[in-house]
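Descriptive analysis of the structure
The residues making up each chain are set out below.
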Amino acid sequence: MTTTFTKKDLTIADQQRLQTLEQHIELARDYFLGYPVSKDFDFSEINHFLNFPINNIGDPYEQGSTYRVQTHELEREVIRFFAKLFRANPQDYWGYVTNGSSESNLYGLYLAREMYPKGMVYYSGSTHYSVRKNIHLLNIPSIVIRSQDNGEIDYEDFENTVRMNRHKPAIVLATFGTTMHEAKDDVTRLKGILKKLAIQDHYIHCDGALAGTFGAFIEPRLPFDFKDGADSISISGHKFVGSPIPCGVIVTKKSNRDRIAKGISYIGSLDTTITGSRNGHSPLFLWYGLKKMGEEGLRARYLYSLDIARYCENKLKEAGITAWRNPEAITVVLPKTTESIKQKWQLATEGDMSHIICMPNVTRAQIDEFVEDIVNSEEEAEEEFEFEF
Ligand SMILES: *Cc1c(COP(=O)(O)O)cnc(C)c1O
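By the naming in an unreviewed UniProt entry, the chain goes by Histidine decarboxylase and is assigned to Microscilla marina ATCC 23134. UniProt annotates the chain under Sequence similarities (unreviewed entry) with the comment "Belongs to the group II decarboxylase family." According to UniProt, the comment filed for the chain under the heading Cofactor (unreviewed entry) is "pyridoxal 5'-phosphate".

Some details on the site of the ligand
Close contacts around the ligand come from 13 residues, with Ser101, Ser102, Asp207, Ser236 and Lys239 the closest. Asp207 places a polar side-chain atom, nitrogen or oxygen, 2.6 Å from a nitrogen atom of the ligand. Lys239 is positioned such that a nitrogen or oxygen atom in its side chain is 3.0 Å from an oxygen atom of the ligand. Expressed as a share of its isolated accessible area of 380 Å², the protein-covered part of the ligand is 86%.

What about helix H2 (residues 72-85)?
Here H2 is 14 residues long and its end C-alpha atoms lie 20 Å apart, about the 20 Å a rise of 1.5 Å per residue gives. The element H2 is largely enclosed, with a buried count of 10 among its 14 residues. Listed as buried for H2 are His72, Leu74, Glu75, Arg76, Val78, Ile79, Phe81, Phe82, Ala83 and Leu85. Those residues of H2 that are buried lie in contact with strand S1 (94-98), strand S6 (232-236), strand S7 (248-252) and helix H8 (281-318). Two residues or fewer past H2, Arg87 is found with a positive phi of approximately 50°.

The rules behind these values
Here the residue numbering is sequential within each chain, running from 1 through the sequence in written order. In view of the model being predicted, local features appear only for residues whose pLDDT reaches at least 70, and side-chain atom pairs are presented and counted only at 80 or more, with totals across whole chains, interfaces and linings using the full set of residues. By convention in this description, side-chain values take in all heavy atoms of the structure and omit both hydrogens and water. UniProt positions are given in the numbering used here, feature names are shortened, and annotations may be inferred rather than shown by experiment. Any residue with a heavy atom positioned within 4 Å of a molecule or strand is treated as near that molecule or strand. Pairing of N or O atoms within 3.5 Å defines a polar contact, subject to two protein rules: one partner must be a possible hydrogen donor and the other a possible acceptor, and residues neighboring in sequence count only if both atoms are side-chain atoms. Only the protein chains shown count as cover for residues, and all accessible areas are computed by the Shrake-Rupley method using a 1.4 Å probe. Going along the chain from the N terminus, every DSSP run of H or I of four or more residues is numbered as a helix, and every run of E of two or more is numbered as a strand. A helix's residues, less one, multiplied by 1.5 Å, set its expected span. Accessible area is worked out with a 1.4 Å probe on protein chains only. A residue is then buried under 20% of its type maximum, exposed over 50%, and partly exposed in between. The criterion used for residue contact is that any of the two residues' heavy atoms lie within 4.5 Å.

Here is the structure:
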């Protein structure tokens with residue numbers, strides 16, 4: 001059955017609602033500095049794929065599934081792209097496109113728990129909120145490690161805490177680019193501590209939601225990938241690459257995922273993913289975005305963002321604002337702003353701190369406007385102060 005429903009069949013009021021919604025979204029997109037989401041994508045050439053019920057159900061590497069309206073081949077290429085960028089062993093990697101880093105982190109922790117059912121999870125206080133929930137879902141004991149002022153894990157506290165629990169396998173959730181400060185936990189240093197304490201049974205998952213995507217291009221290099229000691233790595237696709245649909249990537253060692261693979265005759269594939277039906281459009285968007293950019297394009301995006309972040313930090317400092325950045329970060333941390341600036345620029349705020357994230361679509365003109373807003377708001381606040389007394 002096909003319906004001939006068109007937008008014109010909506011009531012006038014509903015047609016107007018759609019129009020207003022689009023205007024709101026467009027305006028909100030243009031004043032958007034607080035969240036790590038790229039807005040400069042153009043998928044108009046492949047939009048017509050939305051006309052198909054694409055579903056990537058099952059394992060992307062299992063051929064022979066009876067559900068053929070899928071994009072598994074492109075999904076595998078997306079995984080291969082990141083496996084190479086993350087210096088995975090070409091003979092021993094596996095992964096899939098998830099709904100985002102929250103699911104990717106859940107997957108990493110799931111693999112870790114299957115390997116070490118008696119393990120203990122260690123993560124820092126700056127870890128993304130999804131991790132606490134994931135640990136709860138998986139019912140694994142865990143300990144929160146102190147984080148340093150810059151948001152990076154406190155290695156001394158980590159060492160002391162692990163030492164007290166050294167009879168247990170260690171599952172470490174490292175963050176490469178914390179949500180608030182874009183601080184990067186040093187995976188090699190964490191691994192070194194485990195080695196020093198002679199803990200052979202260990203697993204390191206690296207949450208690189210934003211910064212993992214450009215981690216390979218950071219100079220000087222900061223350790224986060226498979227060669228540096230990670231067992232699995234997650235990133236979000238809608239953050240640095242950009243996608244109209246939130247999505248993520250998990251890359252792990254194939255040998256790890258083989259432990260949990262169970263054959264499912266109903267779909268003729270392996271049940272290796274968290275959800276059954278899986279979004280088949282987001283691998284297509286990611287593949288297209290990566291083809292367009294290539295590795296060099298991705299590097300250029302990072303260098304552009306870094307340049308804007310330096311510009312932003314300097315501009316704020318010149319205006320007398322105590323702004324700072326972690327080394328080579330594209331996130332600029334600043335004291336929290338007035339409510340109206342927070343609303344206008346959609347700034348994520350935590351305690352007395354706020355940040356702006358210089359994603360590849362952010363321009364110098366936007367930074368200028370933002371800094372001007374801050375300077376004006378401070379002048380207004382001073383005038384009010386004078387008036388009151
Ligand atoms: C954004 C973010 C997440 C969650 O990613 P989603 O794709 O929104 O699920 C996890 N970890 C970190 C460090 C993040 O910044």
